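The residues making up each chain are set out below.
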Amino acid sequence: MKSRKFLTILFFAFSLQSPAQNLKALVGGTLIDGFGGTPIRNSVIIIEGERIKAVGQVESLAIPAGAEIISTEGMSVLPGLWDMHVHLMLNGHSDYTHWDSTYIDVFESVIMPSSAHQLLMAGVTSARDLGAPLEASINVRNRINKGEIPGPTIYVSGPFIQKAPYPNTEAFRWGVNGAADARAKVKKLIDAGVDVIKLIDQDQMTLEEAKAVVDEAHKYGKMVVGHSHRPDEIRIGLQIGVDNFEHTGLSSAPEYPEDIMLMMKERAAKMNLGPLFWTPTVEGLFNYEYVRDNPEKLDDTSWHLGLPDSIIRDIRASLRFPGRMSYFQLTPVRKPTLDRKFAQLKESGVVMLVGTDSGIPMKFHSQSTWNELDVWVNHFGMDPLLTIKAATYWPAVAMKVDKDYGTISEGKYADIIAVRGDVLRYINLLQNVDMVMKHGKKVK
């Protein structure tokens, strides 16, 4: 254990060097860098501007003169978290029809910025927004990127692509009529600047329509994220080349059918295509009964951030009777199947990503992500290091931005969080992130 005196001597020793400009040094914490290897004790992270300049230990890495020293003693330091499945246009309200019709005009100005800010304060520095009106998605993402409003680095899909939109959802669900129309809709999204294409109900399309969606997206280098609620959504998705499946799906069926498992394993074996990604989004299902029976967490005011009192009151009123929500009535039957399905996903060779479906009823952006990690580790028995890797390294790889994000290593953006205590022993420490840094700037 190093002493305060040693740190003081170290600082003055290196202060004799030439003054540094715009430098910070995070000093003393246990670094979990995102690669999944042994944590680095007594770590030092040198940050220059927005990016990481050097990573090492107190005993061996010089702290440049003039650097702002930020102590991380007694803390776990790790990359900013990713949440690979959020809905910025939603914020926990139980009635989608009422929410959409009442607030769609303020999605862009109020709801989505509020959601983004809540995610950032929860330690989520990158997130994938899967389903919202196109213009609002692009504008909110761009405003965050310009530093006009606080939030994670956002990757957007804009509207879902599906066979036919559900009633009164046309603003954020686009139907397709034939392969040519499917290609045209995807091209329109890509021309507008989306980062990914979201595909749903592909089992209701013709094979030509579904394939056209994927082929057009891949033509322009965009990944396709596909729902996996029904067996044929998975079968067809695998056949046409979907890159990333969402949810565990299959309702209350006890497991994935054998033929789907064989298809998944075969796809996972094709190294030339890269990993097959899967975002299970289990915490909403897993925690429903607990929240129903212990609703105190619904009173946590963290989800109020950025919302006017009128909307807070509306959300609260909609959650008055958690046990009556039609959205969750089948959940007690579905929950027991999660263990087997999660295990099958691990067995299949897919690369799992942390995502939450944040924004669905009773699931708030300020709480969802840490809950997902908690369920993975404390119920499904996932190694904490690998769980963190699924919320840092692998999402960056999936989004093809791993040169800039996903780990704490030289040259990458300084997206860093820190919590007091040993997060590998107590993963739920992530519910209270003490420090959040995005692009080298402390935002919490």
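Residues numbered from 1 in each chain as written. Predicted model: local features only at pLDDT ≥ 70, side-chain atom pairs only at ≥ 80, totals over all residues. Heavy atoms only, no water.

An unreviewed UniProt entry lists the protein chain under the name Imidazolonepropionase, with Algoriphagus alkaliphilus as the source organism.

A.B. asks: Even after reading the chapter, I still don't get the overall build of the protein chain, so can you show me in this structure?
C.D. replies: A tally of regular secondary structure across the protein chain gives 15 helices and 19 strands. Taking all contacts inside the protein chain whose residues are at least 6 apart in sequence as the whole, residues at least 24 apart take part in 72%. Summed over all atoms, the accessible surface of the protein chain reaches about 18000 Å², with 52% contributed by carbon and sulfur. Side-chain charges of the protein chain comprise 48 positive and 52 negative groups, with the mean position of each set lying 3 Å from the other. (Helix = DSSP H or I, 4+ residues; strand = E, 2+ residues; numbered from the N terminus. Contact = heavy atoms within 4.5 Å. Areas by Shrake-Rupley, 256 points an atom, 1.4 Å probe, with all protein chains shown as cover. Lys, Arg positive; Asp, Glu negative; His and termini not counted. Charge placed at Lys NZ, Arg CZ, Asp CG, Glu CD.)

A.B. asks: Would you take a moment to explain the domain arrangement of the protein chain for this structure?
C.D. replies: A common way to state how big an interface is: give the accessible area lost once the parts meet. Splitting the protein chain by domain gives domain 1 (23-79 + 409-442) and domain 2 (81-399). Summarising the inter-unit geometry, the C-alpha centres of domain 1 and domain 2 are found 29 Å apart. If you look at the interface, domain 1 gives 20 residues, while domain 2 gives 22 residues. The contact between domain 1 and domain 2 buries some 1800 Å² in all, and 71% of this surface belongs to carbon and sulfur atoms. In this assembly, domain 1 and domain 2 are joined by 0 salt bridges. Contributing elements (two or more residues each) for the side of domain 1 that touches domain 2: β6 (75-79) and β18 (435-438). Tallying contributions element by element places β18 first for the side of domain 1 that touches domain 2, with 3 residues. Across the side of domain 1 that touches domain 2, the residue classes break down as 12 nonpolar, 6 polar and 2 charged. (Domains from an automatic or database assignment. Buried area = accessible area lost by both parts, 1.4 Å probe. Salt bridge = Lys/Arg side-chain N within 4 Å of Asp/Glu carboxyl O. Nonpolar A, V, L, I, M, F, W, Y, C, P; charged D, E, K, R; others polar.)

A.B. asks: I would appreciate a short explanation of the environment of methionine 261 in the present structure.
C.D. replies: Looking at the element boundaries, methionine 261 is found in helix α8 (residues 258-268). In this structure, the C-alpha to C-alpha distance between methionine 261 and arginine 235, residues 26 residues apart in sequence, is 9.9 Å.

A.B. asks: Is there a simple way to explain the pattern of salt bridges in this structure?
C.D. replies: Between side chains of opposite charge, a pair can form when the charged atoms approach closely. Tallied over the full model, the rule gives 19 salt bridges. For glutamate 233, the salt bridge identified is with arginine 230, shortest N-O distance 3.7 Å. Classification of glutamate 233 as buried rests on a relative accessible area of 1%. What makes arginine 230 partly exposed here is its relative accessible area of 31%. Between aspartate 293 and arginine 292 there is a salt bridge whose closest N-O contact spans 2.8 Å. Given a relative accessible area of 28%, arginine 292 falls into the partly exposed group. (Buried < 20%, exposed > 50% of the residue type's maximum accessible area, 1.4 Å probe, protein only.)

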